[in-house]
Amino acid sequence: MTDTIEETGLSPADEQAFADRVRAFLEANCRRTGDRQGTIGDEDPEGPSAARDFQAALADAGLAGLTYPTDFGGAGLTKRHQEVFNREVEGWHLPNTPLSISHGMCLPMLNQFGTSEQKARFMADNIRGTTIWCQMFSEPGAGSDVASLAMKATRDGDEWILEGQKVWTSGAHYCDYGIVVARTDPEQPKHQGVTMFIVDLRQPGVEVRPLRQISGGSGFNEVFFTEARTPADWQLGDRGQGWNLAVAMLMFERVSIGAGGGSALNADRTPGLIEAARARGQAGDPVVRQGLADLWIRERIRGYIGQRIRAAVAEGRVPGPEGSIAKLNGAILARRVRDVSLAIAGSSAQAWDAGDDAGDRWAVGCLSTAGISIAGGTDEVQRNIIGERVLGLPKEPDPWKGTAWEDVPRS
Ligand SMILES: Cc1cc2nc3c(=O)[nH]c(=O)nc-3n(C[C@H](O)[C@H](O)[C@H](O)COP(=O)(O)OP(=O)(O)OC[C@H]3O[C@@H](n4cnc5c(N)ncnc54)[C@H](O)[C@@H]3O)c2cc1C
């Protein structure tokens, strides 16, 4: 059934005109294919400055932050415009991977939980890519169980003082601001004593140390806070509500990891797997064919999960456990893509011609895949959430439930 104007807010002629505008922008500013599989945690070869330039051009064309209000730097358009945009960019390489956390997680948090002063101060620069933001949850002793975090925030007049360490912070080395969760009330049980803050990362009390990954990249970091300060009115949400906001942000993250991304088959990766199988004479190999058909089906499923979630987000709802379904499905899909890629690439996944600039793409893609099952909550954690919140299975036992965080033994 075709959508009516009432349902979409857009006439077929307006929709066509908008699609033409998007296409003209893509033709002028982007290229058709990417050099390698960019995954969260990897360095984007084109880097943050290319992403900032690209995003500024997008904003100048009126195509950045499509559904965000014009008062806060968005384009003030409809969900339908976003769908048309998403459809048009399929098959194009947008050099904006360094903005994926800034836009996929931090921007929706500002929009949903920021005060009007915070929105007025931060959103337009975020949308335009003038500032880039990162997510700072994980600590050496708090990953899957992030609610047990130990980073301390102490009130000092009109400011909070932050002390402690974060780890695995993607992009902190080029980011301007972070969204941090810190412990403000250690005498409360662990979920109730944390608060969320916006923090300026370009201050003397913040030290960012890059971590080297197995793929050779350095996409994430350790970040040390020593008497770092943040103004009291940069607190996001109420004091002690940080856990609820963190759950909302994790859902945005899971959606952005699990429901986004282009097709591995023939769209924005070079070479698309179907094209690669043909070029290597493997299109008739029954194992490769079976693998490609399986990917095609799983990519369609990811698309449907994504549609459902985007519809919820466009209506102003924070995605629920469907975010975990998207994330788990995305991680399983990524592993299948890796396996089919390696079956097609054969020995070129391990050795390539010296002159082939993108020759490492198979190896990098393979090495980066494991991270997708960890970032944003591991596969096991997603299965726990789906078990409890979708299937209604009993919760994991917690012997320290209700105990003050400061009284819970930790190593
Ligand atoms: C590429 C990448 C990018 C990242 N970017 C960021 C970022 O930008 N910001 C940020 O804050 N963090 C980031 N992270 C960190 C990520 O969120 C954590 O690594 C993740 O939550 C797991 O925590 P952990 O590494 O401490 O593992 P642990 O929590 O120590 O888990 C170790 C193992 O135990 C299993 N396990 C733990 N608890 C349970 C349970 N209850 N039931 C069953 N199994 C369990 C886990 O599944 C895992 O296999 C990133 C991670 C990666 C890989």
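Everything below is about the structure printed above this text.
No experiment lies behind these values; they were computed from the predicted model shown. (Residues numbered from 1 in each chain as written. Predicted model: local features only at pLDDT ≥ 70, side-chain atom pairs only at ≥ 80, totals over all residues. Heavy atoms only, no water.)

> Could you give an account of the overall build of the protein chain, naming the residues involved and the relevant values?
From N to C terminus, the protein chain includes twelve helices and eight strands. The principal-axis extent of the C-alpha atoms belonging to the protein chain is close to 65 × 50 × 45 Å. Counting across all 411 residues of the protein chain, residues that qualify as buried make up 51%. A fraction of 74% describes how many contacts in the protein chain between residues 6 or more apart in sequence connect residues 24 or more apart. (Helix = DSSP H or I, 4+ residues; strand = E, 2+ residues; numbered from the N terminus. Buried < 20%, exposed > 50% of the residue type's maximum accessible area, 1.4 Å probe, protein only. Contact = heavy atoms within 4.5 Å.)

> Tell me about the packing of aromatic side chains, residues and numbers included.
For the coordinates displayed, the defined rule picks out eight aromatic pairs. In this structure, R209 packs its charged tip against the face of F224, placed 4.2 Å from the ring centre. In this arrangement the basic side chain of R300 is found over the ring face of W296, its NZ or CZ atom lying 4.5 Å from the centre. (Phe/Tyr/Trp six-rings, centres within 6.5 Å; stacked < 30°, edge-to-face > 60°. Lys NZ or Arg CZ within 6 Å of the ring centre and 35° of its normal.)

> Talk me through the side chain of T131; I want residue IDs and the actual numbers.
Along the chain, T131 turns up in the loop between α6 (116-128) and β1 (133-136). Owing to a relative accessible area of 11%, T131 belongs among the buried residues under this scheme. Here the side chain of T131 touches W133 through a polar contact of 3.1 Å, side chain to side chain. Residue contacts for T131: discarding those within four places in its chain leaves R52, S102, D125, N126, D176 and Y177. (Polar contact = N/O pair within 3.5 Å; in protein donor to acceptor, adjacent residues only side chain to side chain.)

> I'd like a description of the site of the ligand, backed by residues and values.
The full set close to the ligand counts 21 residues, and S138, S144, W168, T378 and E380 are the nearest of them. Residue Q135 places a main-chain N or O atom 2.9 Å away from a nitrogen atom belonging to the ligand. S144 has a polar side-chain atom sitting 2.6 Å from an oxygen atom of the ligand. Taking 970 Å² as the accessible area of the ligand by itself, protein coverage stands at 69%. At the level of elements, β1, β3 (159-170) and α12 (379-389) are the ones that each hand at least two residues to the shell around the ligand. Per-element accounting of the shell around the ligand gives the leading share, three residues, to β3. Classifying every residue of the shell around the ligand gives eight nonpolar, eleven polar and two charged. Both domains that meet at the shell around the ligand, namely domain 2 (134-240) and domain 3 (246-389), each give it at least three residues. (Near = heavy atom within 4 Å. Areas by Shrake-Rupley, 256 points an atom, 1.4 Å probe, with all protein chains shown as cover. Nonpolar A, V, L, I, M, F, W, Y, C, P; charged D, E, K, R; others polar. Domains from an automatic or database assignment.)

> With reference to specific residues and values, describe a nonpolar patch on the surface.
A cluster of nonpolar side chains, contributed by I325, V390, L391 and L393, occupies part of the molecular surface with about 360 Å² of accessible area. Turning to its location among the elements, L393 is positioned in the segment after α12. Look at L393 and you get partly exposed, because its relative accessible area is 47%. (Patch = residues over 30% accessible without salt bridge, like charges linked within 9 Å, V, L, I, M, F, W, Y side chains within 5 Å. Salt bridge = Lys/Arg side-chain N within 4 Å of Asp/Glu carboxyl O.)

> Can you tell me about unusual backbone geometry, naming the residues and giving the values?
Unlike most non-glycine residues, W168 shows phi in positive territory, near 60°. Tracing the backbone through its elements, the reader meets W168 in strand β3. Its identity is not glycine, yet E227 carries a phi of approximately 50°, on the positive side. One can find E227 in strand β7 (residues 220-231). The class for E227 is exposed, based on a relative accessible area of 53%.

> Describe the pairing of β7, with residues and values.
Where β3 meets β7, ten bridges bridge the pair, whose relative direction is antiparallel. The residue bridging I161 from the neighbouring strand is R229, located in β7. As paired elements, strand β6 (residues 206-210) and β7 share five bridges and run antiparallel to each other. Paired with E207 across the two strands is F224, which belongs to β7. (Pairing = 2+ DSSP bridges.)

> Which residues make up the pattern of salt bridges, and what are the values?
As enumerated under the stated definition, the model contains 20 salt bridges in all. Salt bridges here are not isolated pairs; linked through shared partners, they connect E15, D20, R23, R80, E83, R87 and E88.

> Can you tell me about the pairing of strand β5 (residues 194-200), naming the residues and giving the values?
The side chains of a regular strand alternate, residue by residue, between the two faces of the sheet. With six of seven residues buried, β5 lies mostly within the body of the structure. Pairing analysis gives seven bridges linking strand β4 (residues 177-183) to β5, with the strands arranged antiparallel. When the bridges of β5 are listed, Y177 appears paired with D200. Relative to strand β8 (residues 235-236), β5 runs antiparallel, the two being bridged by two bridges. Looking at β8, one finds that M196 is bridged to L236.

Honestly, it's all geometry; don't read function into it.
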